[in-house]
Amino acid sequence: MGMHRRVVVGISGASGAIYAQRLIRLLVGGGIETHLVVSPLGQRMLHDELGMEGIDLDALSGGAGGVVGSGRVGELKLHHYRDVGASIASGSFLHDGMVVVPCSSNTLSAVAHGSAQNLLHRAAAVTLKERRRLVLLHREMPVSLIDTRNMQTATEAGAVVCPASPGFYMMPRTIDDLVDFVVGRLLDLLEIDHRLKVRWGQDVGVHTRSGALGDRSRVES
Ligand SMILES: Cc1cc2nc3c(=O)[nH]c(=O)nc-3n(C[C@H](O)[C@H](O)[C@H](O)COP(=O)(O)O)c2cc1C
């Protein structure tokens, strides 16, 4: 990548904090300026699922160079969720896209209805009004009619609703493989080049099936 890139990441209170951590590590490790906003329940997920005390920027950003970009390290800037006067609340702040990862049904609803109750919602609303890429990595199961209606509304407004739903055709062996599948697709949606294995027929095909998680003989041996 020759150009300076800038991405906004929102973490809300759905399960899947590990997706956010991996994405931020790859963005920062790839030299991409990353702006972060975390809802209170998002912060709780960082604690409950990753054992994080507070919003630990070092733990969120370290040690993943070489997968995205040229090897430079990007800046990670945290914005307080109540600071609706932050730079990312304005359409004049130029960026290459925003990802809400993971996206709760509550935040999906706020985005679909344009109610900017906090900076995460406001940054998402601004991303839509400026016609920039907004990706919502929604995580809930099952989903209600209200959720599906909110997904439709958000999609009609220009967002990409992306269920946190890894494919198994890439023959994952570890949780990290599953996480990387989802994060790789997020990077694709942001049009950020990466070297994660997400492409059927290129990175893996029908001739490489043995040894996957689904291979019972391997699991039991
Ligand atoms: C342990 C735990 C797990 C949760 N998992 C989800 C989830 O996967 N998806 C979801 O939509 N809400 C989930 N919730 C509920 C949301 O955190 C809750 O609706 C909250 O109001 C979301 O706020 P936010 O959108 O501002 O982050 C979970 C809550 C807790 C405490």
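A brief look at the structure comes next. Since we're looking at a predicted model, the values are computed, not measured.

Conventions and cut-offs
All chains use their own residue numbering, which begins from 1 and follows the written sequence. Only residues with pLDDT of at least 70 are given local features in this predicted model, and only at 80 or more are side-chain atom pairs given and counted; all residues enter the totals for whole chains, interfaces and linings. Here, a nonpolar core denotes buried Ala, Val, Leu, Ile, Met, Phe, Trp, Tyr and Cys residues that are linked to one another through C-beta atoms within 7 Å. Whether a residue is buried, exposed or partly exposed is read from the other C-beta atoms within 10 Å of its own C-beta, which are placed from the backbone; 20 or more gives buried, 12 or fewer gives exposed, and intermediate counts give partly exposed. The secondary structure listing takes helices from DSSP runs of H or I that are at least 4 residues long and strands from runs of E that are at least 2 residues long, numbered from the N terminus. Once C-beta atoms have been placed from the backbone, residue pairs whose C-beta atoms lie within 7 Å are recorded as contacts. Pairing between two strands requires that DSSP report at least two bridges joining them. The definition of a right-handed crossover adopted here requires that, viewed with the strands pointing away, the path from the first strand over the helix to the second runs clockwise. As a rule, any residue with its backbone-derived C-beta atom within 6 Å of a molecule or strand is reported as near that molecule or strand. Note on residue categories: nonpolar means Ala, Val, Leu, Ile, Met, Phe, Trp, Tyr, Cys or Pro, charged means Asp, Glu, Lys or Arg, and polar means any other residue, Gly included. Under this scheme, a helix contributes an axis fitted over its contacting stretch, all axes are lines through C-alpha atoms, and angles between N-to-C directions fall in the 0 to 180 degree range. Orientation is classified from the angle alone, with under 35 degrees giving roughly parallel, over 145 giving roughly antiparallel, 65 to 115 giving roughly perpendicular, and any other angle giving oblique. Put simply, a crossing is left-handed when the front helix is turned counterclockwise from the back one by less than a right angle, and right-handed when it is turned clockwise. The length a helix should cover is 1.5 Å for every residue beyond the first.

**Comments concerning the nonpolar core**
Counting residues in each nonpolar core, the largest one holds 58 residues, and the members touching the most others are Val9, Leu23, Val99, Val101, Leu136, Leu137 and Leu186. Looking at this core element by element, the count peaks at eight residues for helix α1 (residues 17–29). With residues near it in sequence (within four places) discarded, Val99 still touches Val9, Leu23, Val135, Leu137, Leu186 and Leu190.

**A short note on the pairing of strand β2 (residues 33–38)**
When a strand is regular, its side chains alternate between the sheet's two faces. Of all six residues that make up β2, five are buried, and the element is covered over most of its length. Here six bridges tie strand β1 (residues 6–11) to β2, and the two strands are oriented parallel to one another. Looking at β2, one finds that Val8 is bridged to His35. In terms of handedness, the path from β1 via α1 over to β2 forms a crossover that is right-handed. Examined bridge by bridge, β2 and strand β3 (residues 76–79) share four bridges and lie parallel to one another. Residue Val37 lies in a different strand from β3, and its bridge partner there is His79.

**Brief notes about the site of the ligand**
Around the ligand, 14 residues are found, and the nearest of them are Ser12, Gly13, Ala14, Ser39 and Ser104. Looking at the shell around the ligand, the elements with two or more residues in it are α2 (40–50) and α4 (105–113). Of the residues that constitute the shell around the ligand, the class distribution is two nonpolar, nine polar and three charged.

**Concerning the packing of α1 against helix α7 (residues 175–189)**
It is at 10 Å that the axes of α1 and α7 come closest, and there the two elements cross at 55°. Taken together, the axes of α1 and α7 lie oblique to each other. Handedness of the crossing formed by α1 with α7: right-handed. Facing α1, whose interface residues are Ile18, Tyr19, Arg22, Leu23 and Leu26, α7 presents Val179, Asp180, Val182, Val183, Leu186 and Leu187. Taken together, the residues that form the contact of α1 with α7 break down as nine nonpolar, no polar and two charged.

**Section: α1**
In a regular helix each residue adds 1.5 Å, so 13 residues correspond to 18 Å; α1 covers 18 Å between its end C-alpha atoms and thus fits that length. By the criterion of burial, α1 is predominantly enclosed, with 12 of the 13 residues buried. The complete set of buried residues in α1 reads Ala17, Tyr19, Ala20, Gln21, Arg22, Leu23, Ile24, Arg25, Leu26, Leu27, Val28 and Gly29. Looking one or two residues beyond α1, the residue adopting positive phi is Gly31, at roughly 80°.

**Description of the packing of α4 against helix α6 (residues 145–156)**
Relative to each other, α4 and α6 sit at 45°, their axes nearing to 9 Å. In this view, α4 runs oblique relative to α6, as classed from their interaxial angle. In the crossing of α4 with α6, the sense of the turn from one axis to the other is left-handed. For the pair α4 and α6, the contacting residues are Ser105, Leu108, Ser109, Val111 and Ala112 in the first and Asp147, Asn150, Met151, Thr153 and Ala154 in the second. Its residues assigned to classes, the contact of α4 with α6 shows five nonpolar, four polar and one charged.

**A closer look at the environment of Leu50**
Along the chain, Leu50 turns up in helix α2. Of the residues examined, Leu50 has 14 C-beta atoms within 10 Å and is grouped as partly exposed. Sequence spacing of Leu50 and Gly16 is 34 residues, and the spatial spacing of their C-alpha atoms is 9.6 Å. Contacts of Leu50, omitting those with residues within four sequence positions, involve Ala17, Ile18 and Gln21.

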